[in-house]
Amino acid sequence: MQGQQIVGRDPELAALADFLAGTEPRALVLTGGPGIGKTTLWAAAIASTHRRVLSARPSGAEARLAFAALIDLCDGVDTTLAGIPPPQRAALEVALLRAEPAGPPPEAGAIGLGFLGLLRSLAASGPLLIAIDDTQWLDPPSDEAIAFVARRVAGDSVAFLLARRPGRLSAVERAVERGALERLEVGPLSPDATRRLVTDRLDLALSRDVLQRVVEPALGNPLFALELGRALIARGPPEPAGDIPLSDALEKLLGTRVERLSGHVRTLLLAVALSGDLSMAELTAVATPAALEDALDAGLVVVDSGRVRAAHPLLAAAARKRSRRGERRELHRALAAAVDDRELRALHLALATPRPDDQLAAAVAAAAASALARGARADAVRLAEHALRLTPDRAPERTDRVLALAECLDAAGEPQRVTDLLAPALDALPAGAARVRAQLLLSEGGGVRCMADHVRHLDLALAAAGDDRVLRAHVLAKQAANTAATCVERLADAEAWALEALAEAERAGPDVERLALFALSWARSLGGRPVGDICDRFDAVSDEVAQIAYSPHSVAAQRVKWRGETELARARTTALLQLADERGEAVSYAIERLFVCELELRAGAWDAAERLLDEWSRSSDPLVPFTYMRCRAQLAAGRGLPAEAERWAAPAIAGAEEIGTPWQRLEALHARGMAALLGHEPGRATEALRTVWEHAEREGVEPGAFPVAPDLVEALMQHGEPDAARAVTSRLADVAEAQDHPWGRVTAKRCAAIVDLASGSYDEEAAAALGQAAVEYARLGLRFDVPRSLLCLGRAQRRHRKWRAARRSLEEAVDAFAELGSPGWADEARAELARVGGRPPAVSGALTPTEQRVVDLAVEGRPNKEIAGVLFVTVHTVEVHLSRAYAKLGVRSRSQLAAALSRGRKGPVAS
């Protein structure tokens with residue numbers, strides 16, 4: 001380690017050396033209280049490493065920029081390096097203030113991807129160390145961007161060295177926790193080390209008694225010990241009985257020290273405290289070279305890469321606390337003249353000005369718009385607040401400033417503050433565009449407690465728009481999306497509103513056009529119509545990357561799922577999920593994860609769905625909790641756990657009804673109906689499932705969006721309503737034919753067979769159709785529907801005393817349910833099997849029909865994977881059937897199996 005000798009930290013230095021020498025370093029975090037020596041160790045590690053270092057030292061300064069830490073990390077780095085795609089490089093350069101924004105604000109994910117590309121380009125030339133001190137003061141946009149990268153650079157020769165105080169973890173630290181993370185707690189110095197530190201660093205010659213009186217109250221904290229020592233130097237040796245200031249009075253001690261500084265030195269320290277750090281050129285506007293020299297000699301400031309900062313954050317805090325308001329305003333005014341950045345200059349001027357000022361308000365408002373355009377949302381809020389404060393009450397611009405602040409708050413994710421700002425001001429806003437903007441913002445604000453509140457604001461916005469077609473387009477696009485995608489109702493109205501908005505797209509702008517196309521894709525997909533043309537138009541609207549969650553491509557993937565094309569839906573939805581993760585779109589990721597989870601629930605892939613739900617439960621997901629609850633209910637229903645399904649479904653239904661989200665209510669009712677069906681409560685099952693079916697029928701929703709038809713037909717037949725069951729079946733068949741709907745066709749066949757087999761004499765054709773439905777479900781990848789169909793078939797065959805056939809169907813259902821991980825449904829199939837009469841197979845080695853098919857294909861020399869493909873089952877299922885066949889036939893291998901069969905030992909088929 002280079003630089004000033006470090007006293008009493010040999011174990012910590014050794015740990016840092018081991019970390020830096022590691023062949024696959026990931027991250028090390030230094031933690032400890034203020035002044036304990038974290039920064040000293042952090043800086044020593046940087047000085048000693050062979051790696052290229054990108055470093056940042058955030059501060060708690062009053063005026064600082066968003067992306068300040070990211071700017072520091074990239075200082076001196078060429079962002080035009082190969083390997084960074086142009087859109088991502090452009091977003092990064094806007095965030096780093098190296099380019100002016102062009103178009104809408106860059107998304108955090110695009111900035112993160114740009115930084116990721118930059119790091120990977122640098123790492124290709126050698127290992128990197130990202131070093132950040134005082135992570136508790138990271139500005140949120142930098143924190144998000146660096147965390148985005150930290151989750152993705154494992155194995156890219158990039159290590160992280162962080163230092164922080166105890167308390168809340170930064171996003172960066174939470175991200176590196178996923179990998180190989182080491183923590184190093186920086187504890188107090190030993191008494192001997194503290195004595196050596198004070199003696200060597202301050203060149204103090206003190207008696208052992210006085211030195212001990214410095215060491216004890218310092219409690220091993222190097223900063224405390226040095227400040228106590230400096231107090232002794234300033235005041236002279238204490239009287240024999242005199243007190244040394246105690247460590248809990250350190251803030252007062254530092255404040256006293258600041259007050260005793262000469263005017264020009266104290267001004268310099270305050271300037272640094274108010275602006276984070278300053279370049280040498282900027283500092284000359286507020287301080288003289290002599291002041292800097294005196295401050296350096298006194299240990300108040302340090303120079304790092306040509307920039308001046310406080311030697312310790314507590315010194316900066318003391319300087320701010322002990323300054324007068326007027327003094328700070330004067331210094332902000334001087335700093336505004338000194339700094340180069342436009343936004344920072346506007347902020348300093350705002351902080352320097354206590355009273356309204358038309359001209360300054362305009363400049364600060366422009367800076368707020370600039371900050372929002374480059375994605376610095378927190379900066380935009382702060383500047384917009386100042387712009388509003390500086391705007392005179394009767395100024396004509398005040399309305400725009402109020403709405404601009406509300407839009408900044410909305411972009412920053414502060415809905416309650418949007419409502420708190422706009423609700424009292426609403427009546428004073430002029431009619432027309434201002435009222436429309438306000439109502440649209442309030443529709444997403446903190447005052448919205450249920451869907452009725454949201455709709456009320458949209459209705460008021462539409463009324464405020466009057467005959468202005470452009471304003472109406474803004475409102476109608478949002479209204480259409482809400483009605484179709486969230487409320488699942490009035491699809492014809494939603495489509496008409498979206499088309500009206502699209503008619504004004506050229507004047508209303510690309511944002512309105514994209515939202516209207518998104519809404520239109522929901523209305524048409526839910527109505528069973530294709531949306532390829534909508535996706536094409538959406539892609540042609542602009543070259544900008546749209547949020548995945550609000551893209552028709554996401555809806556198109558949903559439509560494929562509803563149609564039962566499972567593998568295609570899985571490929572598309574998984575790709576969108578991965579893309580959302582790569583872009584860092586938190587909302588899109590949450591929504592696409594929900595869509596993947598829904599797909600796995602529909603396919604019967606319970607373990608995959610449960611993994612997604614477990615991840616969801618650990619995340620700070622933006623989706624409402626009722627969505628999670630109903631997915632848990634669906635999982636429990638699929639596993640065959642009725643009590644657990646109802647435990648999740650009940651609060652999901654109640655919550656969805658309270659806030660008015662029909663989609664979640666309908667899905668939870670489906671789970672309740674499935675659970676009631678398994679629990680032999682056909683009346684309760686019918687009530688829940690009929691509600692879902694009737695809503696879909698009433699609103700013209702295609703049958704696969706809420707696939708309750710087969711469960712409802714089962715429930716109706718068990719409840720003694722065959723006519724109603726036939727009506728559902730007939731309607732499903734008609735819609736499936738009209739829409740060429742794969743899931744609808746096979747399910748209509750299944751429903752018709754269930755009805756026919758429950759009526760009158762045994763219908764061989766119906767039985768064959770139900771068996772064929774199981775095969776077709778397997779082809780579609782809907783594995784849960786396979787044993788559900790076989791269970792219905794076996795139950796009907798048992799009732800008609802087709803003992804052999806019933807046994808065969810129910811055994812296959814038991815096996816399939818068990819393989820899926822549906823123990824409750826497997827028990828139900830076993831219970832039916834136990835009621836099968838007639839003789840069981842007389843020969844212990846009898847093969848079931850499925851086992852016989854697997855054996856025949858195996859004897860042909862087909863590998864397990866190919867057999868699985870032919871029979872539309874998993875490889876694991878093939879392995880299970882072969883294992884059972886081996887046991888029944890007394891063989892141990894395929895070659896023995898073939899020989900046994902050729903010798904005529906082929907077992908009889910179970911009947």
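Note that the coordinates shown come from a computational prediction; the quantities given were computed from them, not determined experimentally. (Residues numbered from 1 in each chain as written. Predicted model: local features only at pLDDT ≥ 70, side-chain atom pairs only at ≥ 80, totals over all residues. Heavy atoms only, no water.)

(A) Representation of the overall build of the protein chain in the model. When you go through the protein chain residue by residue, the secondary structure sums to 47 helices and eight strands. Projected onto the principal axes, the alpha-carbon positions of the protein chain cover approximately 110 × 75 × 55 Å. Expressed as a percentage of the 911 residues in the protein chain, the buried residues total 54%. Taking the intrachain contacts of the protein chain between residues at least 6 apart in sequence as the baseline, contacts between residues at least 24 apart amount to 67%. Between the averaged position of the 111 positive side-chain charges in the protein chain and that of its 122 negative side-chain charges there is a distance of 4 Å. (Helix = DSSP H or I, 4+ residues; strand = E, 2+ residues; numbered from the N terminus. Buried < 20%, exposed > 50% of the residue type's maximum accessible area, 1.4 Å probe, protein only. Contact = heavy atoms within 4.5 Å. Lys, Arg positive; Asp, Glu negative; His and termini not counted. Charge placed at Lys NZ, Arg CZ, Asp CG, Glu CD.)

(B) Region of the structure containing the nonpolar core. Counting residues in hydrophobic clusters, the biggest one holds 122 residues, and the most contacted among them are Trp-522, Leu-526, Val-701, Phe-706, Val-713, Leu-757 and Phe-817. If you tally residues by element for this core, the top one is helix α35 (residues 662–678), at 10 residues. Excluding residues within four positions of it along the chain, Trp-522 makes contact with Ala-484, Ala-485, Val-555, Trp-562, Phe-595 and Trp-663. If you look at the next biggest cluster of nonpolar residues, it comprises 74 residues, including Leu-54, Phe-115, Leu-138 and Val-364. (Core = buried A, V, L, I, M, F, W, Y, C linked by side-chain atoms within 4.5 Å.)

(C) Representation of the sheet that holds strand β6 (residues 278–279) within the structure. Taken together, three strands build an open sheet; the order of strands is β6-β8-β7 and the sheet is antiparallel. Edge positions in the sheet fall to β6 and β7 (301–304), since each of these pairs with one other strand and no more. In the sheet, β7 pairs with strand β8 (residues 307–310) via four bridges, with the strands oriented antiparallel. Considered in β8, the bridge of Asp-304 is made with Arg-307. (Pairing = 2+ DSSP bridges.)

(D) Summary view of the pairing of β8. With two bridges connecting them, β6 and β8 associate as antiparallel partners. Its bridge partner being in β8, Leu-278 is matched across the sheet by Val-308. Hairpin geometry of β7 and β8 is characterised by an intervening segment of two residues between the two adjacent antiparallel strands and by a positive phi of about 55° at Ser-305.

(E) View of the packing of aromatic side chains. A full pass over the atoms with the stated rule returns 12 aromatic pairs. Ring geometry for Trp-606 against Phe-784: centres 5.1 Å apart, planes inclined by 75°, an arrangement best described as edge-to-face. Separated by 178 residues along the polypeptide, Trp-606 in helix α32 (residues 606–618) and Phe-784 in the loop between α40 (764–780) and α41 (785–799) bring together distant segments of the chain. Summarising the burial analysis for this pair, Trp-606 and Phe-784 share the class buried. Where Tyr-628 meets Trp-648, the ring centres are 5.8 Å apart and the plane angle is 85°; that geometry is what we call edge-to-face. (Phe/Tyr/Trp six-rings, centres within 6.5 Å; stacked < 30°, edge-to-face > 60°.)

(F) Representation of the confidence of the model for the protein chain. Predicted confidence across the protein chain gives a mean pLDDT of 86, with 91% of residues reaching 70 or more. Mean pLDDT across the elements of the protein chain bottoms out in helix α9 (residues 208–218) (64) and peaks in helix α36 (residues 682–699) (97). For residues 905–911, every residue scores under 50 in pLDDT, and the model assigns this stretch 23 contacts once sequence neighbours within four places are set aside. (pLDDT = per-residue confidence, 0-100.)

(G) Inspection of a positive patch on the surface at higher detail. Together, Arg-151, Arg-168, Arg-174 and Arg-178 make up a positively charged patch on the protein surface. Mapping Arg-151 onto the fold places it in the loop between α6 (140–150) and β4 (158–164). The exposure class of Arg-151 is partly exposed, given its relative accessible area of 34%. (Patch = residues over 30% accessible without salt bridge, like charges linked within 9 Å, V, L, I, M, F, W, Y side chains within 5 Å. Areas by Shrake-Rupley, 256 points an atom, 1.4 Å probe, with all protein chains shown as cover. Salt bridge = Lys/Arg side-chain N within 4 Å of Asp/Glu carboxyl O.)

(H) Molecular detail of helix α37 (residues 709–718). Summarising burial for α37: nine of the 10 residues are buried, a large majority. Turning to α37, its buried residues number three or more, namely Ala-709, Pro-710, Asp-711, Leu-712, Val-713, Glu-714, Ala-715, Leu-716 and Met-717. The secondary structure elements touched by the buried residues of α37 are α35, α36, α38 (722–739), α39 (742–757) and α41. One or two steps after α37, the chain reaches Gly-720, where phi turns positive at roughly 80°.

(I) Main features of helix α12 (residues 263–275). The end-to-end C-alpha separation of α12 is 18 Å, in line with the 18 Å expected for 13 residues at 1.5 Å each. By the criterion of burial, α12 is predominantly enclosed, with 10 of the 13 residues buried. Every buried residue of α12 is listed here: Val-265, Arg-266, Leu-268, Leu-269, Leu-270, Ala-271, Val-272, Ala-273, Leu-274 and Ser-275. Taken from the residues just after α12, Gly-276 is the one with a positive phi, measuring 80°. (Expected span 1.5 Å × (residues − 1).)

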